[in-house]
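Listed below are the residues making up each chain.
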Amino acid sequence: MKGLENIYATREKRFLHGGDYFPEQWLHLPEYLQEDIKLMQIANTNTFSIGMFAWSRLEPEEGVYDFEWLDEVIDRIHSFGGNVILATPSGAKPSWMAKKYPEIRRVNNRREQELQGRRHNHCFTAPIYREKIKMINRKLAERYQNHPAILMWHISNEYSGECHCNLCQEAFRLWVKNRYNHDLEAVNVAWWATFWSHRYSGWDEIESPSVLGEDAMHGLTLDWQRFVTDQTIDFYKEEITPLRELTPHIPITTNFMADTADLIPFQALDYSKFAEHVDLISWDAYPAWHSDTQTDKELAVKVGFIDDLYRSLKQQPFYIMESTPSLVNWHDVNKAKRPGMHLLSSLQHVAHGSDSVMYFQWRKSRGASEKFHGAVVDHDNSTENRVFKDVQEVGAYLNKLEEVVGTNRDAEVAFIYDWENQWALQTIQGYSSESLRYPQTAQEHYRRFWERDIPVDVLNVNQDFTDYKLVVIPMLYMMKATFMEKVEAYVKAGGTVVMTYISGVVNENDLVYEGCWHVKLENVFGLTVTETDTYYPSDENSLNFQGKDYVVKDYATLLEQKTGEVIGTYGADFYQGTPAVMKNTYGDGNSYYIGARAESAFQNDFYDQLIQELAIIPPFEANHSENVSVQVRKGPDSAYIFVMNFGTDEETITFEDEVIDLITGEKVARKITLNGYGVRVFKKI
């Protein structure tokens, strides 16, 4: 579970602090570009991502290139010891290209071709677009391959979207042929195509899902989403070909995302697959702090979950490629961070394994859709406003935390999260469309470990979990038989696993298992699932566990006891007194099945008991309220403790051991207080 060597840390030992910089917007005002270099140093920033939306400036006409302005910008940043993360420009094609080569413009699922505009609007399949991006990337690599300021490649920007053009239809058919070994009957079986008489008699009959045609064949929809991920990765791999050839010494990343409406992992692409093809994981974090729908502590739990998920993809430190110094311009309500929150939210990422705090954007645009998005340098061009000073403060902190760079987190608890499972649930046409909430359920079960300061690795279904004391599997509706075998072997060898309702229902083609529940799961969990009751929002039941009653909402699974022990029962309805929670001993290990969606208090008591039984202890023990989070990064010889208060009130924290404040260097007593939104970083003595 120890992380791989951090590629960046082998080159220079400091946190990356800076952000997306768009000098191409200011070429007509060269005095601004001169001023930027001074402001970057005043702000304690050192790294800037450049070029992601600059294609029309780099190649203003087909085959006509202009790099002189970029040369000057990179040289200026290098002059004060700064780094450049050089981006490739494929995320926003120039207008001349869209006009000359209309086949590169995307087609939506209604088979309507998009006009030129916005960004992320190119066809990943179009050969001419692949050719054009390789040409511009080769030019960039040839020109800057030996420039000492270039730290890493930033490939495109926030890959997303899909295209349904004829080129993509042909690519999809080829993808399906390869997946099913050119056996059309295997496709008919996997997609259950006989339903509604939709059997295919020829490969050319296969079309991508569309609201105008087939959108209720779940196997087709699932495979289309797999294809979109694979085609996006295939485009990315072709895009980086000249970079791997000419600059094998420069690591590559692309910025992953989160779905920000409820702050859950990005859904449209399977990042567990994408992670295999990048050297470094980076992501763009935009939580809506201070909202009226959840507390900042509740939001911090979700941020921690996504940080741990993306860190776990490669089991090494990751990078925050984008965040905001204050607010954004695309939340429903764009609220500014309260005093203290910028430092706190920045250091939370660091506490969970980030080796950077980067921003969108360095300087606010004067026009277009992002002119009011937060930035380090505001329209007033001042170093005296609150946001600039907050950034300056973060930079000063990071400069004093340099020994933390490259350290990682050790975990004894693993959660399983699967992107394909979410895709299957999105088209399920069962249970409840409003309350499935798979990522949110995973975050709710994760919450208690965050509150107890227990590190968690969030793994995908293909990663190894044999060395963990506890594995939690929430709502894994789509479960391959090979994964069941891994669970069986893990428990048999002495592991402890927790699984919840709506798990193990369908196979990888979204076909329900014969007999409803697979025999492997019956053996491991000592039960059979017979029925799942779905509640209206006003419905509720109760669950009795260890002599206490807990409220049940949304889902209640009816269980038939086999070899398992009943440790929780339902309190009402026609299944009153029947099993709701079960434990089973299998081989040398134990399994638990939670059949109902219960209130948070149940998760607290259930996991507290497991944590005690399994002797899972936090890496640094401290007594505090649930608004406070204590997270630890470990190096070969030291442990670094981040103590963070996500509440507005002053909090008292008591330590078991003495520590040294990494900012002041002073030895600290075993009892401290933190103001609202306060944060301190310590080193264990």
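All values derive from a computational prediction rather than experimental measurement. (Residues numbered from 1 in each chain as written. Predicted model: local features only at pLDDT ≥ 70, side-chain atom pairs only at ≥ 80, totals over all residues. Heavy atoms only, no water.)

## So, the overall build of the chain
Inference 1: A tally of helices and strands in the chain yields 18 helices and 30 strands.
Inference 2: Here the C-alpha radius of gyration of the chain, 26 Å, is about what a compact globule of 685 residues would show, namely 26 Å.
Inference 3: For the C-alpha atoms alone, the extent of the chain along its principal axes is close to 75 × 75 × 45 Å.
Inference 4: Counting over 685 residues, the chain shows a buried share of 61%.
Inference 5: For the chain, the share of sequence-separated contacts (at least 6 apart) that also reach a separation of at least 24 residues comes to 74%.
Inference 6: As presented, the chain carries roughly 26300 Å² of accessible surface, and 47% of it is formed by carbon and sulfur atoms.
Inference 7: Of note, the chain has its 67 positive side-chain charges centred 4 Å away from the centre of its 100 negative side-chain charges. (Helix = DSSP H or I, 4+ residues; strand = E, 2+ residues; numbered from the N terminus. Rg over C-alpha atoms; globule rule 2.2 N^0.38 Å. Buried < 20%, exposed > 50% of the residue type's maximum accessible area, 1.4 Å probe, protein only. Contact = heavy atoms within 4.5 Å. Areas by Shrake-Rupley, 256 points an atom, 1.4 Å probe, with all protein chains shown as cover. Lys, Arg positive; Asp, Glu negative; His and termini not counted. Charge placed at Lys NZ, Arg CZ, Asp CG, Glu CD.)

## Points about the pairing of strand β4 (residues 150-154)
Inference 1: The buried fraction of β4 is high, at five of five residues.
Inference 2: Where strand β3 (residues 83-87) and β4 come together, four bridges link them in parallel fashion. Looking at the pairing, A87 lines up with H154 of β4.
Inference 3: In this sheet, strand β5 (residues 252-253) lies alongside β4 in parallel orientation, the contact comprising two bridges. Bridged to W153 within β5 is I252. (Pairing = 2+ DSSP bridges.)

## Some words on unusual backbone geometry
Inference 1: Of note, the amide linkage connecting F360 to Q361 takes the cis form, showing an omega dihedral of 15°.
Inference 2: Within the element layout of this structure, Q361 appears in the loop between β11 (356-359) and α13 (386-399).
Inference 3: Backbone geometry at A368 places phi at a positive 70°, although glycine is not the residue there.
Inference 4: Its place among the elements puts A368 in the loop between β11 and α13.
Inference 5: A368 gets classed as exposed once you look at its relative accessible area, which sits at 60%.
Inference 6: In this structure, D510 is a non-glycine residue whose phi angle is positive, near 65°.
Inference 7: One can find D510 in the loop between β15 (496-500) and α17 (519-525).
Inference 8: Residue classification places D510 among the buried positions, given a relative accessible area of 10%.

## Description of the pairing of strand β18 (residues 548-561)
Inference 1: Pairing geometry for strand β16 (residues 527-534) and β18, over seven bridges, is antiparallel. Considered in β18, the bridge of L527 is made with Q561.
Inference 2: Taking the residues that link successive antiparallel strands as the turn, the strand β17 (residues 541-545)-β18 hairpin has two residues, and the phi of Q546 there is positive, at about 55°.
Inference 3: Summarising the sheet, β18 and strand β22 (residues 596-598) pair through two bridges and their orientation is antiparallel. Residue A556 lies in a different strand from β22, and its bridge partner there is A596.

## A closer look at the packing of helix α11 (residues 296-314) against helix α12 (residues 341-351)
A pair of packed helices can be characterised by two numbers: the angle between their axes and the separation between those axes.
Inference 1: In contact at an axis separation of 10 Å, α11 and α12 are set at 30° when each is read in the N-to-C sense. When the interaxial angle is binned, α11 and α12 end up roughly parallel. Crossing angle aside, the handedness with which α11 passes α12 is right-handed. Two secondary-structure elements touch here, α11 through D296, A300, V303, G304 and D307 and α12 through M341, Q348 and H349.
Inference 2: Of the residues in the contact of α11 with α12, the class split is three nonpolar, three polar and two charged. (Axes fitted to C-alpha atoms, helices over the stretch in contact; angles between N-to-C directions. Parallel < 35°, antiparallel > 145°, perpendicular 65-115°, else oblique. Left-handed = near helix turned anticlockwise from the far one by under 90°. Nonpolar A, V, L, I, M, F, W, Y, C, P; charged D, E, K, R; others polar.)

## A closer look at the environment of Q392
Inference 1: Residue position: Q392 is located in helix α13.
Inference 2: The exposure class assigned to Q392 is partly exposed, which follows from its relative accessible area of 23%.
Inference 3: In this structure, the C-alpha to C-alpha distance between Q392 and H290, residues 102 residues apart in sequence, is 22 Å.
Inference 4: Setting aside residues no more than four positions away along its own chain, Q392 makes contact with I42, A43 and N44.

## Focus on the packing of aromatic side chains
How two aromatic rings sit relative to each other is given by the distance of their centres and the angle of their planes.
Inference 1: If you walk through the whole model with that rule in mind, you get 55 aromatic pairs.
Inference 2: Seen from their ring centres, W26 and Y32 are 5.2 Å apart, and the 5° between their planes marks the pair as stacked.
Inference 3: On the numbers, 5.4 Å between centres and 85° between planes, the contact of F305 with Y446 is edge-to-face. Remark: Y446 occurs in helix α15 (residues 438-451) and F305 occurs in helix α11; sequence separation between them is 141 residues. (Phe/Tyr/Trp six-rings, centres within 6.5 Å; stacked < 30°, edge-to-face > 60°.)

## Some details on α13
Inference 1: In a regular helix each residue adds 1.5 Å, so 14 residues correspond to 20 Å; α13 covers 20 Å between its end C-alpha atoms and thus fits that length.
Inference 2: Where α13 is concerned, the buried positions are V387, F388, D390, V391, V394, G395, Y397 and L398.
Inference 3: The elements touched by buried residues of α13 are β1 (16-21), α1 (30-42), α12, β11 and β30 (679-684).
Inference 4: The N-cap residue of α13 is N385: its side-chain oxygen and the backbone nitrogen of V387 are 3.3 Å apart. (Expected span 1.5 Å × (residues − 1). Polar contact = N/O pair within 3.5 Å; in protein donor to acceptor, adjacent residues only side chain to side chain.)

## Thoughts on the sheet that holds β4
Inference 1: Overall, parallel pairing links the six strands, which are arranged β5-β4-β3-β2-β1-β11 in an open sheet. For this open sheet the edge positions go to β5 and β11, each flanked by a neighbour on one side alone.

## Section: the pattern of salt bridges
Inference 1: All told, the structure shown has 44 salt bridges when counted by the stated rule.
Inference 2: A salt bridge links R226 to E420; the shortest N-O distance between them is 3.0 Å. Of the two residues, R226 is situated in helix α8 (residues 218-239) and E420 in helix α14 (residues 419-426); the sequence distance between them amounts to 194 residues. Exposure class is identical for R226 and E420. Each is buried.
Inference 3: The partner of R452 in a salt bridge is D608, with the nearest N and O atoms 2.7 Å apart. Taken together, the positions of R452 in the loop between α15 and β13 (456-459) and D608 in helix α18 (residues 600-613) put the pair 156 residues apart, joining distant regions of the chain.
Inference 4: On the basis of relative accessibility, which here comes to 31%, the residue R452 falls in the partly exposed class.
Inference 5: The network of salt bridges with shared partners includes K297, E444, R447, R448, E451, R452, D608 and E626. (Salt bridge = Lys/Arg side-chain N within 4 Å of Asp/Glu carboxyl O.)

## What to know about the nonpolar core
Inference 1: Ranked by size, the top nonpolar core spans 203 residues in total, and within it L70, I77, W191, Y271, Y310, L543 and F606 carry the most contacts.
Inference 2: With nine residues, the top contributor of residues to this core is α11.
Inference 3: Counting residues in each nonpolar core, the second largest holds 15 residues, with V630, V632, I653 and V659 among its members. (Core = buried A, V, L, I, M, F, W, Y, C linked by side-chain atoms within 4.5 Å.)

## Comments concerning the sheet that holds strand β23 (residues 622-623)
Inference 1: What the three strands build is an open sheet, ordered β23-β26-β29; its pairing is antiparallel. Each edge of the sheet is formed by a strand with only one pairing partner; in this case those strands are β23 and β29 (671-674).
Inference 2: In this structure, strand β26 (residues 651-655) lies alongside β29, joined through four bridges in antiparallel fashion. By the bridge assignment, I653 is partnered in β29 with I672.

## With respect to the state of the cysteines
Inference 1: Applying the stated criterion to the full structure yields zero disulfides.
Inference 2: The cysteine C163 is free of any disulfide, with C165 supplying the nearest cysteine sulfur at 3.5 Å.
Inference 3: A relative accessible area of 5% means that C163 is categorised as buried.
Inference 4: The exposure class assigned to C165 is buried, which follows from its relative accessible area of 8%. (Disulfide = S-S within 2.5 Å.)

So far we have only geometry, and geometry alone does not tell us how the molecule works.
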